[in-house]
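Spelled out from the first residue to the last, the chains are:
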Number of protein chains: 4
Amino acid sequence: MEAYKNFSDVKDSTSSEEHPRVVLPALCHKFYGLGWMYGTGGALSIKCGDKLFTTPSGVNKDLVKGEDLFVTTVDGVDIVGPSPEKRLSKSTCTPLINAIYTKQKGVGAVYHLHNTGAVMVSMLSPGVEFRITHQKLIQGIKKSNSEKHFDYYDTLIVPIVENKSTEDEIVDSLLNAMRDYPETSAVIIRRHGMYVWGPTWQRAKGMAECYEYLFNVAVKMKQLGLDPEAIPVPPEGAYT
Amino acid sequence: MEAYKNFSDVKDSTSSEEHPRVVLPALCHKFYGLGWMYGTGGALSIKCGDKLFTTPSGVNKDLVKGEDLFVTTVDGVDIVGPSPEKRLSKSTCTPLINAIYTKQKGVGAVYHLHNTGAVMVSMLSPGVEFRITHQKLIQGIKKSNSEKHFDYYDTLIVPIVENKSTEDEIVDSLLNAMRDYPETSAVIIRRHGMYVWGPTWQRAKGMAECYEYLFNVAVKMKQLGLDPEAIPVPPEGAYT
Amino acid sequence: MEAYKNFSDVKDSTSSEEHPRVVLPALCHKFYGLGWMYGTGGALSIKCGDKLFTTPSGVNKDLVKGEDLFVTTVDGVDIVGPSPEKRLSKSTCTPLINAIYTKQKGVGAVYHLHNTGAVMVSMLSPGVEFRITHQKLIQGIKKSNSEKHFDYYDTLIVPIVENKSTEDEIVDSLLNAMRDYPETSAVIIRRHGMYVWGPTWQRAKGMAECYEYLFNVAVKMKQLGLDPEAIPVPPEGAYT
Amino acid sequence: MEAYKNFSDVKDSTSSEEHPRVVLPALCHKFYGLGWMYGTGGALSIKCGDKLFTTPSGVNKDLVKGEDLFVTTVDGVDIVGPSPEKRLSKSTCTPLINAIYTKQKGVGAVYHLHNTGAVMVSMLSPGVEFRITHQKLIQGIKKSNSEKHFDYYDTLIVPIVENKSTEDEIVDSLLNAMRDYPETSAVIIRRHGMYVWGPTWQRAKGMAECYEYLFNVAVKMKQLGLDPEAIPVPPEGAYT
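Anyway, here's the lowdown on the structure attached to this text.

## Focus: the interface of chain B and chain C
Logical step 1: Every contact between the two is made by 33 residues of chain B and, on the other side, 33 residues of chain C.
Logical step 2: Taken together, both faces of the contact between chain B and chain C bury some 2,900 Å²; the carbon and sulfur share is 57%.
Logical step 3: In terms of surface lost to chain C, no three residues of chain B exceed B:Lys136, B:Leu224 and B:Tyr239, which account for 27% of the buried area on that side.
Logical step 4: Applying the counting criterion to the chain B and chain C interface returns four salt bridges.
Logical step 5: One can count 14 residue pairs in polar contact (both at pLDDT 80 or more) joining chain B with chain C.
Logical step 6: Ranked by the residues each element gives to the side of chain B that touches chain C, the list is headed by helix H5 (residues 201-223) of chain B, at eleven residues.
Logical step 7: Of the residues in the side of chain B that touches chain C, the class split is 16 nonpolar, nine polar and eight charged.

## Thoughts on the interface of chain B and chain A
Logical step 1: On the chain A side, the residues contacting the 33 residues of chain B number 33 residues.
Logical step 2: For the pair chain B and chain A, the summed buried area comes to about 2,900 Å², and 57% of that belongs to carbon and sulfur atoms.
Logical step 3: Together, B:Tyr38, B:Ser165 and B:Arg191 form the three largest contributors to the area buried by chain B at its contact with chain A, with a combined 23%.
Logical step 4: At the junction of chain B and chain A, the tally comes to four salt bridges.
Logical step 5: B:Lys65 is the partner of A:Glu17 in a salt bridge, and the nearest nitrogen-oxygen pair spans 3.1 Å.
Logical step 6: Taken together, the connections running from chain B to chain A amount to 15 residue pairs in polar contact (both at pLDDT 80 or more).
Logical step 7: When residues of the side of chain B that touches chain A are traced back to their parent elements, those giving at least two are helix H3 (116-124), strand S7 (155-161), helix H4 (171-180) and H5 of chain B.
Logical step 8: Broken down by element, the residue count for the side of chain B that touches chain A peaks at five residues, all from H3(B).
Logical step 9: Partitioning the side of chain B that touches chain A into residue classes produces 14 nonpolar, eleven polar and eight charged.

## Notes on the sheet that holds strand S2 (residues 51-54) of chain A
Residue and element names in this part refer to chain A.
Logical step 1: One open sheet holds the nine strands; their spatial order is S5-S4-S2-S1-S7-S11-S10-S9-S8, and the pairing between them is mixed. Two strands lie at the open edges of the sheet, namely strand S5 (78-80) and strand S8 (129-133), each paired on one side alone. Direction aside, neighbouring strands of the sheet carry axes that sit 20° apart on average.
Logical step 2: With four bridges joining them, strand S1 (residues 43-48) and strand S7 (residues 109-113) adopt antiparallel strand pairing. Within the sheet, the bridge partner assigned to Ile 46 lies in S7 and is Ala 109.

## Details of the pairing of S7(B)
Residues and elements named next belong to chain B.
Logical step 1: With five of seven residues buried, S7 is to be regarded as a mostly interior element.
Logical step 2: Both S7 and strand S8 (residues 186-189) contribute to a ladder of two bridges, which runs parallel. Across the sheet, the residue bridging to Val 161 is Ile 189, located in S8.
Logical step 3: The parallel pair S7 and S8 is bridged by H4, and the resulting crossover is right-handed.

## Considerations on the packing of aromatic side chains
Logical step 1: Counting across every chain of the model gives 24 aromatic pairs over all chains.
Logical step 2: Considering the side-chain rings of D:Tyr152 and D:Tyr153, the 5.2 Å spacing of their centres and the 75° angle between planes classify their relative orientation as edge-to-face.
Logical step 3: Given a relative accessible area of 39%, D:Tyr153 falls into the partly exposed group.
Logical step 4: Aromatic rings pair up to connect A:Phe31, A:Trp36 and A:Tyr111 into one cluster.

## Quick notes on the pattern of salt bridges
A side chain of one charge can pair with a side chain of the opposite charge when the charged atoms of the two come close.
Logical step 1: Taken as a whole and assessed by the stated rule, the structure comprises 52 salt bridges over all chains.
Logical step 2: Between D:Arg203 and D:Glu147 there is a salt bridge whose closest N-O contact spans 4.0 Å. One end of the pair, D:Arg203, is in helix H5 (residues 201-223); the other, D:Glu147, is in the loop between strand S8 (129-133) and strand S9 (155-161), and 56 residues separate them in sequence.
Logical step 3: Given the relative accessible area of 61%, D:Glu147 is considered exposed.
Logical step 4: Among the salt bridges present, the one from D:Glu209 reaches D:Lys205, with a minimum N-O distance of 2.8 Å. Linking D:Glu209 with D:Lys205, this pair stays in helix H5, spanning four residues, or about one helical turn.
Logical step 5: Exposure remark for D:Lys205: the relative accessible area of 1% places this residue in the buried category.
Logical step 6: The structure contains a network of salt bridges with shared partners spanning A:Lys30, A:Lys205, A:Glu209 and B:Asp62.

## Some words on the layout of surface pockets
Logical step 1: Space inside the second largest pocket adds up to approximately 1,600 Å³.
Logical step 2: Around the second largest pocket, the lining comprises 50 residues; the ones closest to its centre are B:Thr40, B:Ser57, B:Gly58, B:Val59 and B:Asn60.
Logical step 3: Secondary-structure elements contributing two or more residues to the lining of the second largest pocket are helix H1 (20-33) and helix H5 (201-223) of chain A.

## Quick look at the environment of A:Val128
Logical step 1: Tracing the backbone through its elements, the reader meets A:Val128 in the loop between helix H3 (116-124) and S8.
Logical step 2: Distance in space between the C-alpha atoms of A:Val128 and A:Tyr101 is 23 Å, their sequence separation being 27 residues.

## Remarks on empty space enclosed by the protein
Over the atoms rolls a probe the size of a water molecule, and in doing so it shows where empty space is left.
Residues and elements named next belong to chain B.
Logical step 1: Applying the stated criterion to the full structure yields six cavities of 30 Å³ or more.
Logical step 2: Of the volumes computed, that of the largest cavity is approximately 80 Å³.
Logical step 3: Going through the elements one at a time, strand S2 (51-54), strand S3 (70-73) and helix H2 (94-103) are the ones with two or more residues in the lining of the largest cavity.
Logical step 4: Considering each element in turn, the lining of the largest cavity owes the most residues, three residues, to H2.
Logical step 5: A per-class count over the lining of the largest cavity returns three nonpolar, six polar and one charged.
Logical step 6: Computed from the structure, the second largest cavity encloses a volume of approximately 70 Å³.

## What to know about the relation of the copies chain B and chain A
Logical step 1: Mapping chain B onto chain A leaves a residual RMSD of 0.0 Å; the transformation is a rotation of 90° accompanied by 0.0 Å of translation along its axis. Taken together, the rotation and translation relating the two chain copies correspond to the operation of a four-fold axis. The position closest to the rotation axis in chain B is occupied by the C-alpha of B:Gln223, lying 5.6 Å away.
Logical step 2: The overlap is low: 3% of the interface residues of chain B also sit at the interface in chain A, so different surfaces are used on the two sides.

## Brief notes about the side chain of D:Arg21
Logical step 1: For D:Arg21, the location among the structural elements is in helix H1 (residues 20-33).
Logical step 2: On the basis of relative accessible area, D:Arg21 is assigned to the buried category, the value being 8%.

## Concerning the packing of H3(A) against H5(A)
Residue and element names in this part refer to chain A.
Logical step 1: Where H3 contacts H5, the two axes come as close as 8 Å, and the packing angle between them is 45°. The angle between the axes of H3 and H5 places the two elements in the oblique class. Judged by the twist between their axes, the crossing of H3 over H5 is left-handed. Taking contact as the criterion, the partners of Thr 116, Gly 117, Ala 118, Met 120, Val 121 and Leu 124 in H3 are, on H5, Glu 212, Phe 215, Asn 216, Ala 218, Val 219 and Lys 222.
Logical step 2: Here the contact of H3 with H5 is composed, by residue class, of seven nonpolar, three polar and two charged.

## Points about the sheet that holds strand S7 (residues 109-113) of chain D
All names here are of chain D.
Logical step 1: In spatial order, the strands read S5-S4-S2-S1-S7-S11-S10-S9-S8; together these nine strands make up an open sheet with mixed pairing. Each edge of the open sheet is held by one strand with a lone partner, namely strand S5 (78-80) and S8. Pairwise comparison of adjacent strand axes, ignoring direction, gives a mean angle of 20° for this sheet.
Logical step 2: Summarising the sheet, strand S1 (residues 43-48) and strand S2 (residues 51-54) pair through four bridges and their orientation is antiparallel. For Ser 45, the partnering residue across the bridge sits in S2 and is Thr 54.
Logical step 3: On the sheet, H5 packs against S1, S7, S8, S9, strand S10 (186-189) and strand S11 (193-198) and is oriented at approximately 140° with respect to S11.

Quick notes on the rules
- Residues numbered from 1 in each chain as written.
- Chains lettered and ligands numbered in written order.
- Predicted model: local features only at pLDDT ≥ 70, side-chain atom pairs only at ≥ 80, totals over all residues.
- Heavy atoms only, no water.
- Contact = heavy atoms within 4.5 Å.
- Buried area = accessible area lost by both parts, 1.4 Å probe.
- Salt bridge = Lys/Arg side-chain N within 4 Å of Asp/Glu carboxyl O.
- Polar contact = N/O pair within 3.5 Å; in protein donor to acceptor, adjacent residues only side chain to side chain.
- Helix = DSSP H or I, 4+ residues; strand = E, 2+ residues; numbered from the N terminus.
- Nonpolar A, V, L, I, M, F, W, Y, C, P; charged D, E, K, R; others polar.
- Pairing = 2+ DSSP bridges.
- Axes fitted to C-alpha atoms, helices over the stretch in contact; angles between N-to-C directions.
- Buried < 20%, exposed > 50% of the residue type's maximum accessible area, 1.4 Å probe, protein only.
- Right-handed = clockwise from strand over helix to strand, strands pointing away.
- Phe/Tyr/Trp six-rings, centres within 6.5 Å; stacked < 30°, edge-to-face > 60°.
- 1 Å grid on protein atoms, 1.4 Å probe; cavity = no way out; pocket = protein on both sides within 12 Å on 5 of 7 lines; lining within 4 Å.
- Points joined across faces, edges and corners; volume = space filled by probe spheres on them.
- Least-squares fit on C-alpha atoms with pLDDT ≥ 70 in both.
- Parallel < 35°, antiparallel > 145°, perpendicular 65-115°, else oblique.
- Left-handed = near helix turned anticlockwise from the far one by under 90°.

Here it is in structure tokens:
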């Protein structure tokens with residue numbers, strides 16, 4: 001990998017405000033504010049033309065700068081990296097991120113987040129699936145490999161895979177879960193967080209927000225004795 | 001609809017700081033921060049003279065810009081829209097927003113929000129009403145079609161209508177709920193969110209905050225075994 | 001009351017950064033962010049020399065500007081007000097704020113807040129007192145009319161008075177509670193919020209934060225079956 | 001201690017953006033936003049070369065400025081202090097902070113925080129230890145006096161010492177807890193908060209976030225009837 005020198009070599013294809021070197025630090029800051037990227041955890045990746053821009057490993061995500069990103073081809077060939085004196089490493093999530101770009105159609109952004117809602121529902125779901133139905137924000141979730149969205153009346157199912165010590169060890173589980181649930185745009189890692197993806201960084205961001213909202217609503221429902229999977233019956237005299 | 005060109009044609013009637021093109025993006029950002037506009041959901045609308053300014057559909061609301069708004073007459077005739085190359089669509093909430101402007105007197109702003117408190121109380125209320133009494137913030141709610149506010153001792157009632165897949169399908173329910181509850185300044189959409197309105201964008205904002213505060217207090221009360229509808233009795237020796 | 005003209009007549013006694021016209025809007029914004037000033041509720045007041053600066057009534061508190069403040073003498077004589085065309089009114093909390101400045105010694109700031117923690121503990125406390133002991137943040141509370149602070153081992157007692165429709169009707173209750181609890185730096189208004197005061201705006205701010213922290217900890221303790229009033233016993237082998 | 005005059009005498013060793021006089025106020029602001037530094041509580045300290053930079057006592061931490069810091073040697077000799085007219089005092093946490101720098105190897109930053117999660121788990125843990133296992137963010141915690149991190153499968157143990165009226169009285173307990181738990185990078189003070197440390201300010205910050213995340217997850221687990229110490233068993237058909 002050649003040393004990263006300046007921004008000019010990557011700044012030509014997009015306007016500056018929408019460039020991954022501007023967007024990714026801003027997203028890191030926003031997701032940190034939502035509590036999804038504490039410690040040095042998580043990783044964000046945006047595909048821009050034939051290049052992948054990805055946040056580095058082991059850095060406080062609220063402190064990531066545009067110059068810290070790793071730029072590779074979709075096949076994993078290094079194009080540009082941060083200055084060597086920064087001693088940054090590629091994200092340990094790289095194999096999982098690449099697996100998602102490779103196996104799913106039309107993905108433009110992949111985020112790995114340590115969102116508490118995903119962790120809580122992974123502990124409250126005894127099996128390998130999180131399920132919820134009859135929530136407006138289900139409609140904010142796009143079916144992967146398709147242009148369709150889930151409907152309000154659908155049961156949204158998110159597969160849950162077991163966590164391991166390293167991200168490498170989760171790759172096969174992620175691949176198997178994506179194979180078994182081809183419509184899902186997210187996979188929960190139990191007691192860890194989630195991977196979520198979408199056709200653009202904006203749509204992946206919106207879906208991340210909807211998934212975490214739905215996880216948190218499900219936790220609150222369980223605290224109050226309500227079942228997120230149950231199909232509700234409108235009351236007598238309902239406005240329908 | 002003619003293409004949107006620049007701001008000068010709509011900037012004459014108000015000072016820049018109070019203009020809907022400045023206010024609406026700022027409100028979107030504030031409500032996103034409160035967790036009410038995740039995904040691309042929700043819609044905000046301000047009436048300015050005889051023009052309605054409304055946020056577009058399908059855009060992350062924390063990223064909305066002043067130039068993205070749709071400007072129409074109160075009768076729904078297009079005046080100005082965003083640049084066609086942005087490929088933005090009018091909010092799917094437009095028929096509901098217009099119904100509120102048409103049926104309620106003196107409305108200057110309508111907000112559609114995906115606030116979790118509204119969703120939670122809609123699931124905890126078995127019938128078609130949310131009720132709470134003896135809370136100071138009840139007094140922050142204006143009676144619609146009137147200049148009076150609710151009183152501390154009143155029972156605030158907010159009608160709840162059932163959700164459907166599309167906003168279009170909710171129009172009749174909203175109209176019926178507004179007919180049956182002429183004093184309400186908000187309608188809850190079950191498992192979805194709420195519509196709230198007021199005479200100015202500031203007062204509609206204040207009421208949105210009061211409603212969501214009251215919903216959240218009611219949820220906390222139920223978690224702690226308290227009944228939001230019960231009339232409290234002061235203890236012996238109370239300071240009254 | 002003469003019309004407010006410019007800042008120069010009140011800017012001489014303090015440096016600009018610490019002036020109430022700078023501090024109060026910043027505090028409003030901070031307290032709004034903490035969820036203590038939703039709707040148009042609450043009021044903040046700072047004493048600067050022989051002048052009281054107080055936020056106006058009926059304005060969204062996150063939108064208050066320095067020019068919106070009312071300036072009076074401690075005896076309630078008007079000195080400067082906002083521009084008449086703004087049609088602002090004095091805070092309805094004025095009689096309570098003045099009662100606190102008059103009855104308590106060395107008060108430099110009074111805040112009236114609609115903090116949820118105060119409302120929740122007022123509903124969970126069957127009598128006229130909130131009580132908590134053995135919490136570090138108790139030591140952040142100064143005894144009113146004294147330079148001493150409460151100790152970790154003390155039981156912090158905050159009197160609770162009943163709410164009424166108007167602030168005017170609460171004045172006597174507030175006076176009686178301050179008479180009966182001369183050491184308290186705050187009074188809870190049931191199902192409403194609290195009044196809190198201190199020798200400077202900074203110390204009143206710190207105490208507001210400590211009180212609300214303690215209220216929230218007490219609510220969480222009750223949710224988990226713990227008693228905020230119980231004196232804890234260190235376990236065997238404790239590090240003491 | 002000589003009076004503090006200007007920044008030039010301490011600005012030579014690091015770039016301005018990374019200087020403790022820039023970093024510590026920014027950290028105070030960030031931790032205040034997370035609810036860890038209400039009132040005037042808490043203290044942050046960074047080691048820069050052979051100098052310790054520490055926040056002052058009794059100041060609202062969200063209002064701390066770079067010029068307010070106390071600079072000492074590691075042995076406690078005063079180098080630079082804030083302007084005398086500011087009447088600031090050294091942090092009462094100084095003896096505990098110094099004890100950590102002295103007893104632990106390679107510490108570059110020590111933070112004392114009043115985080116609610118630490119307080120809640122200290123009340124829910126009947127003994128002298130907080131324990132949690134099988135959580136991804138456990139891997140964000142470095143073993144003190146070592147370059148290794150805890151593993152996902154490890155049980156993270158954080159010692160809990162009893163609180164006293166003054167920080168001075170806790171020094172021995174802290175020393176004993178550090179002696180008994182040489183791998184811990186944090187000590188919980190019951191009903192008070194925690195001390196946390198790391199080799200750099202960034203890594204100590206990341207660990208503070210991971211600890212508080214884990215405390216909060218443990219509280220939520222207990223609210224939902226789950227045991228943070230139990231070793232989970234993957235369900236049948238798990239993706240492993």
